Amino acid sequence: MSKMIQRYSERERMNHWVIAILFFMAGLSGLAFFHPSMFWLTNFFGGGPWTRILHPFLGVLMFLSFAGLMLKVWHHNKITEADKKWLTAVSEVVSGHEETLQNVGRYNGGQKVLFWIMVACMFVLLVSGIMFWQPWFADAFPIGLRRLAVLLHALSAAVLIIGVIVHVYAAIWVKGTIRAMTRGSVSEAWARKHHPAWHREMTRNG
Ligand code: HEM
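Residues numbered from 1 in each chain as written. Predicted model: local features only at pLDDT ≥ 70, side-chain atom pairs only at ≥ 80, totals over all residues. Heavy atoms only, no water.

Draft legend 1. Expanded view of the packing of aromatic side chains. All told, the structure shown has eight aromatic pairs when counted by the stated rule. Judged by centre distance (6.1 Å) and plane angle (65°), the ring pair of W40 and F44 falls under edge-to-face. By relative accessible area, which is 59% here, F44 ends up exposed. Between F57 and W133, the aromatic rings sit 5.1 Å apart at their centres with planes inclined by 80°, giving edge-to-face as the arrangement. Taken as a pair, F57 in helix α2 (residues 48-73) and W133 in the loop between α5 (109-131) and α6 (143-173) lie far apart in primary sequence, 76 residues in all. A residue is classified by how much of its surface remains accessible, and F57, at 42% relative accessible area, is partly exposed. Connected via pairs of aromatic rings, a cluster forms that spans F57, W133 and F137. Between R106 and the ring centre of Y8, over which it is positioned, the NZ or CZ distance is 5.0 Å. (Phe/Tyr/Trp six-rings, centres within 6.5 Å; stacked < 30°, edge-to-face > 60°. Buried < 20%, exposed > 50% of the residue type's maximum accessible area, 1.4 Å probe, protein only. Helix = DSSP H or I, 4+ residues; strand = E, 2+ residues; numbered from the N terminus. Lys NZ or Arg CZ within 6 Å of the ring centre and 35° of its normal.)

Draft legend 2. A look at the coordination of the iron atom of the ligand. Ligation of the iron atom of the ligand by protein atoms is provided by H16 (NE2) and H167 (NE2), these donors lying 2.0 Å from the ion. Given six donor atoms and angles of 85 to 179° at the metal, the environment of the iron atom of the ligand is assigned as octahedral. Here H16, found in helix α1 (residues 10-34), pairs with H167, found in helix α6; they are 151 residues apart in sequence, far enough to count as distant. Judged by relative accessible area, H16 falls into the buried class, the value being 14%. (Donors = N, O, S within 2.8 Å, 3.2 Å for Na, K, Ca; no water. Tetrahedral: all angles 85-135°; square planar, octahedral: opposite > 155°, others 65-115°.)

Draft legend 3. Representation of the environment of V186 within the structure. Following the sequence through the fold, V186 ends up in strand β2 (residues 185-187). Accessibility expressed as a relative area gives 0% for V186, which makes it buried. As a C-alpha pair, V186 and Y8 span 178 residues in sequence and 9.4 Å in three-dimensional space.

Draft legend 4. Representation of the site of the ligand in the model. Taken together, 22 residues form the shell around the ligand, and within it R7, Y8, H16, Q111 and H167 come nearest. At the level of elements, α1, α2, α5, α6 and α7 (178-182) are the ones that each hand at least two residues to the shell around the ligand. Among the elements that line the shell around the ligand, the one with the most residues is α1, at five residues. Split by residue class, the shell around the ligand holds 16 nonpolar, five polar and one charged. (Near = heavy atom within 4 Å. Nonpolar A, V, L, I, M, F, W, Y, C, P; charged D, E, K, R; others polar.)

Draft legend 5. Structural context of the nonpolar core. Counting residues in each nonpolar core, the largest one holds 32 residues, and the members touching the most others are M62, F66, M122, L160, V186, W190 and W198. Listed by contribution, the elements that provide at least two residues to this core are α1, α2, α5, α6, α7 and α8 (188-194). Here this core takes eight residues from α2, the largest share from any one element. The contacts of V186, once residues within four sequence positions are left out, are K3, M4, I5, R7, G176, R179, A180 and W198. Within the second largest apolar cluster, five residues are counted, among which are W86, V93, L101 and V104. (Core = buried A, V, L, I, M, F, W, Y, C linked by side-chain atoms within 4.5 Å. Contact = heavy atoms within 4.5 Å.)

Draft legend 6. Representation of the packing of helix α3 (residues 81-88) against α5 in the model. As a packed pair, α3 and α5 sit with axes 8 Å apart at the nearest point and diverge in direction by 100°. In terms of their interaxial angle, α3 and α5 are classed as roughly perpendicular. Along its contact with α3, which presents D83, W86 and L87, the element α5 presents G109, G110, K112 and V113. When grouped by side-chain class, the residues that make up the contact of α3 with α5 number three nonpolar, two polar and two charged. (Axes fitted to C-alpha atoms, helices over the stretch in contact; angles between N-to-C directions. Parallel < 35°, antiparallel > 145°, perpendicular 65-115°, else oblique.)

Draft legend 7. Spotlight on α5. The end-to-end C-alpha separation of α5 is 33 Å, in line with the 33 Å expected for 23 residues at 1.5 Å each. By the burial criterion, the buried members of α5 are G109, K112, L114, F115, M118, V119, C121, M122, L125, S128, G129 and M131. The backbone nitrogen of G110 has a side-chain oxygen 3.0 Å away, supplied by the residue at the start of α5, namely N108. (Expected span 1.5 Å × (residues − 1). Polar contact = N/O pair within 3.5 Å; in protein donor to acceptor, adjacent residues only side chain to side chain.)

The values are spatial; any link to function lies outside them.
So, in structure tokens, the structure goes:
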């Protein structure tokens, strides 16, 4: 069996799963108000009024927990020349021929682009949500701006939901990735195959 390399600490994993739980709770409570056909989702949160009260707080908690992980990993997500190469060769990666991409570090180009999409959506969701949060902040903003905020809120939520679906799909599709976030470690073979530059870095230091 191949040796294991530590990828996430306990604290980082806890942080990540808190984000995931809050994402589902904020997402489902928000979808409940997106269209009448989804109003039944309010049953999970104690009915309409409670869902309306809880949704913004769940959203703020999701933002804060995301900010915690973001501050830990953002510097690993700086886009480099190797990432641009990965992005242009994505079809080779999908067909299982990533051996030409030997400079992929801790995260690949796709993961990094998705990370920055998540960051942008989280910020837009927070700022736009505060702008029409009744009865606390909404009165401070003119109606035109509030309407724009509602639109941006729905748009960034949709992009984030699609982004998370891609994120989860990729985590399952690339065998051996899920354990990075459940046990904290990955096999050396996984690292060598998918993140060769990170593997070199980790094994050089023993
Ligand atoms: C059931 C849902 C989820 C699963 C199965 C999942 C799985 C994973 C896995 C396996 C990793 C490690 C990837 C690696 O190290 O290469 C990861 C990283 C990460 N996840 Fe999730 N995740 C889920 C939900 C979420 C949600 C809802 C968010 C945020 C909205 C999120 C944000 C992140 C971030 C920021 C990273 C670090 C990757 C980076 O910095 O580029 N995850 N996730």
